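# Observations on the three-dimensional arrangement
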Amino acid sequence: MSITYSPSGTVSSLSYAHRFSVRSFPAPSNNFNPRSNGRLVLHGGATHFCQRFCGLKLWILKSLKKSQLKRKHAPPNEFKSMKNEDDDHLSTYPKTISSLEEHVSDGTTIKLGHDFEVRNRITVTSQLEECSLSDIQPGGCEVSASVESPTSLPQPHSYQFSSDGYGGPSLCIAVIGATGELARRKIFPALFALYYSGFLPENIGIFGYSRKNWTDEDLRSTIASTLTCRVDHQEKCGDKMDAFLSRTYYINGGCGNREGMSKLNALMEQIEGKSEANRIFYLSVPQEALIDVASCLADNAQTTKGWNRIIIEKPFGFNSLSSHRLTQSLLSKFKEKQIYRIDHLLGRNLIENLTVLRFSNLVFEPLWSYKYIRNVQVILSEDLSAHAARYFDGYGIIRDIVHSHILQAIALLAMEPPITLDGEDIRNEKVKVLRSIRRLEPSDVILGQYKASTKDKVDIYTNSLTPTYFAAALYIDNARWDGVPFLVKTGIGLIQHRVEIRIQFHHVPGNIYRERMGHNIDLATNELILRDVPDEAILIRVNNKVPGLGLHLDSPELNLLYKDKYNVEVPDSYEHLLLDTIDGDNHLFMRSDEVAAAWNVLSLVLQEMDKNNIVPELYELGGRGPVGAYYLWAKHGVRWAED
């Protein structure tokens with residue numbers, strides 16, 4: 001009887017061949033001394049075969065465990081030398097050590113398995129004509145066995161990783177434009193934060209794609225300095241970083257995206273093996289390159305073994321026409337459900353709270369209409385370093401902030417209750433609001449540009465007409481919001497870094513305490529304030545009697561300050577949106593019809609800007625913005641809350 005042991009699983013360290021004796025395996029701890037020809041002879045009768053064979057089996061398992069430990073602690077660069085899994089002879093599921101199958105017939109298979117799921121094959125060939133079962137005596141039959149290494153094809157890259165000892169990753173994420181600032185500062189750190197917190201598969205594959213002549217190690221060393229672990233739990237931080245970086249690979253796309261995407265697909269397929277895997281492509285590329293990159297990706301890098309999703313950064317076009325062309329190009333290659341248009345500001349907790357507060361609290365929902373709400377104010381002022389260079393590249397604050405973030409925030413705040421929390425149901429309601437917003441007239445808009453000056457010269461950016469400040473009064477023409485002004489103010493270089501939404505209610509009709517409220521009744525207006533910056537909070541302004549003798553009223557703010565109430569680290573918005581993409585939750589991402597409806601609101605103003613009929617008003621850096629904004633508020637009968 002001959003036993004041939006041929007491992008075809010992931011373990012490749014047994015790259016030698018031996019013949020050994022059953023008598024050499026009375027216990028797992030025995031040592032084995034090869035003969036001069038490098039083989040050991042296995043002797044023994046069938047009556048003792050099972051007992052002796054257990055020693056052989058446990059010796060094999062011990063060797064396999066050593067191999068696993070070596071792989072587990074191998075440095076990242078050793079992943080390149082590991083062989084791909086050969087699945088030609090693998091069963092559809094791993095066997096455990098208790099599932100040893102033994103057959104005494106010609107060409108029968110014995111399968112050895114164990115708790116960390118290494119799959120191997122032992123083929124037992126019974127030579128009954130030489131040694132029948134009834135003739136076997138102790139020492140009267142020689143059983144030979146050989147351990148052979150699995151075969152594998154040489155590859156330019158030869159990777160293998162797994163959380164369970166075999167199989168490829170179930171999810172691969174490719175960052176197109178991996179050497180850019182956004183990828184380095186935001187995308188890769190967000191991916192690691194999700195990986196560290198357990199929201200990504202342990203055996204995920206991360207791929208960086210760019211045209212720079214980098215290696216895997218160049219990418220890993222570049223992003224390593226940007227990775228940080230959660231403040232509230234830093235257990236095994238270093239180990240997690242090493243594991244994440246070891247699963248990160250770089251692809252030089254070369255001069256052509258078509259060839260580059262083919263290379264990306266080949267590497268992904270090599271690492272995925274034959275396992276089912278889904279793919280996400282984050283397109284962190286300039287707008288002028290987006291169509292070509294997306295087209296080449298669609299034709300050459302999509303998987304057929306799972307779903308594919310692409311993430312696109314704002315702005316989504318330059319105007320209505322260019323946005324329409326971009327949308328048509330994307331929809332010719334991808335389905336709508338595959339496209340995720342990302343705006344990192346929509347990943348803030350403030351935005352998610354808009355619908356939670358409204359639809360889960362009875363105290364607010366009945367008041368959510370023109371009958372009780374006097375105006376809504378949306379404020380987003382950023383510090384100077386935020387996006388200044390991008391604004392002056394020609395996109396400006398309207399295309400970068402107003403088109404997506406501001407209008408999306410208004411849509412979420414003003415929409416009707418969706419049927420469910422499904423992303424499509426929410427997007428159906430958002431697009432109704434966007435289509436109901438009255439097209440902005442230039443007379444209802446104030447544009448500004450900061451004049452950053454030194455002692456001797458004015459900043460060169462003032463030679464451009466690209467606005468860095470936008471203020472407007474929007475109206476939603478539907479039954480719920482008829483006549484309610486939605487006032488928007490956003491800009492850079494203002495006096496404060498501030499992100500908040502203020503909902504001001506009507507005065508109390510026939511208020512008997514009116515005379516006790518002082519000369520400015522607007523200061524006694526009830527307000528709901530949702531603040532994200534400087535300190536995330538929910539505030540409600542109410543009128544209250546001041547303690548003491550006499551009757552004096554005050555308007556304090558009831559304060560839910562998040563940092564006092566919740567002792568947790570708030571995840572970055574990119575983490576939130578990337579996790580939503582993985583989960584297929586698209587309610588915070590703009591659909592194609594939402595993009596078109598938002599451009600329609602802004603189209604008249606953009607046309608006038610292109611004709612230079614609207615000139616931005618200059619304002620002091622660190623000031624309150626253009627003076628014209630105050631006249632705009634007065635025109636619509638609203639006092640800006642922060643003033």
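The structure under discussion appears in the preceding block.
Each value, and the rule that gives it
Residues numbered from 1 in each chain as written. Predicted model: local features only at pLDDT ≥ 70, side-chain atom pairs only at ≥ 80, totals over all residues. Heavy atoms only, no water. Helix = DSSP H or I, 4+ residues; strand = E, 2+ residues; numbered from the N terminus. Buried < 20%, exposed > 50% of the residue type's maximum accessible area, 1.4 Å probe, protein only. Contact = heavy atoms within 4.5 Å. Polar contact = N/O pair within 3.5 Å; in protein donor to acceptor, adjacent residues only side chain to side chain. Phe/Tyr/Trp six-rings, centres within 6.5 Å; stacked < 30°, edge-to-face > 60°. Disulfide = S-S within 2.5 Å. Axes fitted to C-alpha atoms, helices over the stretch in contact; angles between N-to-C directions. Parallel < 35°, antiparallel > 145°, perpendicular 65-115°, else oblique. Left-handed = near helix turned anticlockwise from the far one by under 90°. Nonpolar A, V, L, I, M, F, W, Y, C, P; charged D, E, K, R; others polar. Pairing = 2+ DSSP bridges. Patch = residues over 30% accessible without salt bridge, like charges linked within 9 Å, V, L, I, M, F, W, Y side chains within 5 Å. Areas by Shrake-Rupley, 256 points an atom, 1.4 Å probe, with all protein chains shown as cover. Salt bridge = Lys/Arg side-chain N within 4 Å of Asp/Glu carboxyl O. Core = buried A, V, L, I, M, F, W, Y, C linked by side-chain atoms within 4.5 Å. Expected span 1.5 Å × (residues − 1).

Our next topic: the overall build of the protein chain. Counting its secondary structure elements, the protein chain contains 14 helices and 22 strands. Taking all 643 residues of the protein chain together, 52% fall into the buried category. A fraction of 75% describes how many contacts in the protein chain between residues 6 or more apart in sequence connect residues 24 or more apart.

Right, let's get into the side chain of S603. If you trace the backbone, S603 turns up in helix α13 (residues 592–610). Judged by relative accessible area, S603 falls into the buried class, the value being 7%. A distance of 2.5 Å separates polar atoms of two side chains, one belonging to S603 and the other to R439. Side-chain polar atoms of S603 contact the backbone oxygen of N600, separated by 3.1 Å.

With that settled, consider the packing of aromatic side chains. One pass over the structure, following the stated rule, counts 9 aromatic pairs. Taken together, a centroid distance of 5.4 Å and an interplanar angle of 70 degrees make the contact between F192 and F244 edge-to-face. With F192 in helix α2 (residues 181–196) and F244 in helix α4 (residues 237–246), this pair connects stretches of sequence that are 52 residues apart. Like F192, the residue F244 is buried in the burial classification.

What follows deals with the state of the cysteines. Between two cysteines, a covalent bond joining their sulfur atoms is known as a disulfide. Overall, the coordinates contain 1 disulfide when judged by the stated rule. One disulfide in the model links C229 with C237; its S-S distance is 1.9 Å. Because the sign of the S-S torsion sets the handedness, a value of about 90 degrees for the bond joining C229 and C237 places this disulfide among the right-handed ones. Like C229, the residue C237 is buried in the burial classification.

Here we take up unusual backbone geometry. The omega torsion of the bond from K314 to P315 falls at 0 degrees, within 30 degrees of zero and hence cis. Locating P315 in the fold gives a position in the loop between β10 (308–313) and α7 (320–331). At the junction of V533 and P534, the peptide bond is cis and its omega measures out at 15 degrees in the coordinates. Checked against the element boundaries, P534 lands in the loop between β17 (527–533) and β18 (537–541). Even without glycine at this site, N612 takes up a positive phi of about 60 degrees. Of note, N612 is situated in the loop between α13 and β22 (617–620).

Further remarks concern the environment of L604. Mapped onto the fold, L604 is located in helix α13. Judged by its relative accessible area of 25%, L604 is partly exposed.

Between helix α10 (residues 423–436) and α13, whose axes approach to 9 Å, the crossing angle comes to 15 degrees. Classified by the angle between their axes, α10 and α13 sit roughly parallel to one another. Relative to α13, the crossing made by α10 is left-handed. When α10 is examined against α13, the residues R427, K430, V431, L434 and R435 are found in contact with a partner set consisting of D593, E594, A597 and V601. Residues that form the contact of α10 with α13 fall into these classes: 4 nonpolar, no polar and 5 charged.

Now for the sheet that holds strand β21 (residues 557–561). Either a parallel or an antiparallel arrangement is found when strands of a sheet pair, and the pairing is made through backbone hydrogen bonds. In spatial order, the strands read β21-β18-β17-β16-β12-β15-β14-β13-β22; together these 9 strands make up an open sheet with mixed pairing. Looking at which strands have only one partner, the edges of the open sheet turn out to be β21 and β22. Neighbour-to-neighbour, the strand axes of this sheet turn through a mean angle of 15 degrees, independent of strand direction. Relative to β18, β17 is paired through 5 bridges, and the arrangement is antiparallel. Each residue of the ladder has a partner; that of I529, found in β18, is L539.

This part takes up a nonpolar patch on the surface. A cluster of nonpolar residues, I512, Y513 and L551, forms a patch on the protein surface that exposes about 310 Å² of accessible area. Checked against the element boundaries, L551 lands in the loop between β19 (544–545) and β20 (553–554).

Take the nonpolar core next. By size, the foremost hydrophobic cluster in this structure holds 127 residues, and its most contacted members are I176, F207, L264, L283, I398, F470 and F486. The element that contributes the greatest number of residues to this core is helix α9 (residues 388–414), accounting for 12 residues. Among all residues touching L264, those that are not within four sequence positions of it are A174, I176, F207, Y209, I251 and F281. Among the nonpolar cores identified, the runner-up in size contains 16 residues, and Y469, A473, V638 and W640 belong to it.

With that out of the way, let us pick up the pairing of β18. Burial analysis of β18 places 4 of its 5 residues in the buried class, the great majority of the element. In the sheet, β18 pairs with β21 via 5 bridges, with the strands oriented antiparallel. Its bridge partner lying in β21, A537 is registered against L561.

Each full turn of the α-helix corresponds to 3.6 residues, which orients residues three or four apart in the same direction. Across its 14 residues, helix α6 (residues 287–300) extends 20 Å between first and last C-alpha, which sits within 8% of the 20 Å expected from 1.5 Å per residue. Buried residues of α6: Q287, L290, V293, A294, S295, C296, L297, A298 and N300, and no others.

What the rule picks out here adds up to 30 salt bridges. In this structure, D299 engages R258 in a salt bridge whose closest nitrogen and oxygen atoms are separated by 3.7 Å. Residue D299 is located in helix α6, and its partner R258 is located in helix α5 (residues 257–272); the two are separated by 41 residues in the primary sequence. The class of R258 is partly exposed, set by a relative accessible area of 43%. Here E500 makes a salt bridge to R531, at a shortest N to O gap of 2.9 Å. Here the residue E500 occupies a position in strand β16 (residues 498–505), and R531 occupies one in strand β17, the gap between them amounting to 31 residues. Exposure class is identical for E500 and R531. Each is buried. Three or more residues are tied together by salt bridges with common partners; here these are R498, E500, R502, E527, R531, R541 and E557.

Taking strand neighbours across the sheet as the criterion, the 6 strands line up as β8-β7-β6-β9-β10-β11 in an open arrangement whose pairing is parallel. Across the chains shown, the open sheet's two edge strands, defined by having one partner strand only, are β8 (248–252) and β11 (339–342). For this sheet, the mean angle separating the axes of adjacent strands, direction not counted, is 20 degrees. Of the pairings in the sheet, the one linking strand β6 (residues 171–176) to strand β9 (residues 278–283) comprises 6 bridges and is parallel in character. Its bridge partner lying in β9, I173 is registered against I280. The strands touched by α6 within the sheet are β6, β9 and β10, with β9 carrying the most contacts at an inclination of about 160 degrees. On the sheet, α7 packs against β10 and β11 and is oriented at approximately 145 degrees with respect to β11.

One can describe the packing of α5 onto α6 by two numbers: an axis separation of 9 Å at closest approach and a directional angle of 45 degrees. As the angle between them shows, α5 and α6 are arranged oblique. For the pair α5 and α6, the sense of crossing is right-handed. Of α6, the residues touching α5 (which contributes N257, R258, M261, S262 and N265) are D292, V293, C296, L297, D299 and N300. When grouped by side-chain class, the residues that make up the contact of α5 with α6 number 4 nonpolar, 4 polar and 3 charged.

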